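Here's the letter readout for the chains.
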Amino acid sequence: GAAAEEEASEGARAAASSLEDKMSRWEATEEEQRASTLGGNLPLIGMPGLPGRVTRTDQPEKLDGFDIGMNLSGLVLFPLAVLLATVPFWIGSVDVGEVGPPPMS
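Engineer: Would you explain the overall build of the protein chain in this entry?
Structural biologist: Along the backbone of the protein chain there are 5 helices and 0 strands. Moving toward the C terminus, one meets the helices and strands of the protein chain in the order α-α-α-α-α. Of the roughly 9600 Å² that the protein chain leaves accessible, carbon and sulfur atoms contribute 65%.

Structure below.
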């Protein structure tokens, strides 16, 4: 009884370790992870807290369509966001006396 149980647990340990070996071979190396990301920079790798521009070793030389789209949307959306954030300060001084339904009398 005891020898059979010992042998079964030994086989289970061997199976678990071979499964861990197999799963570790599935993991991507850091080079493979960098190759599969757009800019080649991994999140949370390097010096945390500093922007990626500071920690990167390869500085991008040219703009692609994504960069151009982000810059254009930022040029439009940032002033709109500032305007929206300041509404509570100036909305009271907007004259709304001329708008609305005509007087009923």
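Engineer: What's the story with the pattern of salt bridges in this structure? I'm lost.
Structural biologist: Note that side chains of opposite charge can pair when their charged atoms are close. A complete count under the given rule lists 1 salt bridge for this structure. The shortest N-O distance in the salt bridge between Arg-13 and Glu-10 comes to 2.9 Å. One end of the pair, Arg-13, and the other, Glu-10, are both in helix α1 (residues 2-26), 3 residues apart, so they sit about a helical turn from each other.

Engineer: Teacher, can you tell me more about the confidence of the model for the protein chain here?
Structural biologist: Where the model shows low pLDDT, its predicted coordinates should not be examined in detail. Chain-level statistics for the protein chain give a pLDDT mean of 80 and a share of 75% at 70 or above. Averaged pLDDT values for the elements of the protein chain fall to 63 in helix α3 (residues 52-55) and rise to 95 in helix α4 (residues 65-85).

Engineer: Please clarify how α4 should be interpreted in this entry.
Structural biologist: At 3.6 residues per turn, the α-helix brings residues three or four places apart onto the same side. Relative to the 30 Å expected for 21 residues at 1.5 Å per residue, α4 spans 29 Å between its end C-alpha atoms, a close match to the ideal helical length. The sharpest bend along α4 reaches about 30° and sits at Gly-74.

Basis of the calculations
Residues numbered from 1 in each chain as written. Predicted model: local features only at pLDDT ≥ 70, side-chain atom pairs only at ≥ 80, totals over all residues. Heavy atoms only, no water. Helix = DSSP H or I, 4+ residues; strand = E, 2+ residues; numbered from the N terminus. Areas by Shrake-Rupley, 256 points an atom, 1.4 Å probe, with all protein chains shown as cover. Salt bridge = Lys/Arg side-chain N within 4 Å of Asp/Glu carboxyl O. pLDDT = per-residue confidence, 0-100. Expected span 1.5 Å × (residues − 1). Bend = angle between axes of the 7 residues up to and from the residue.

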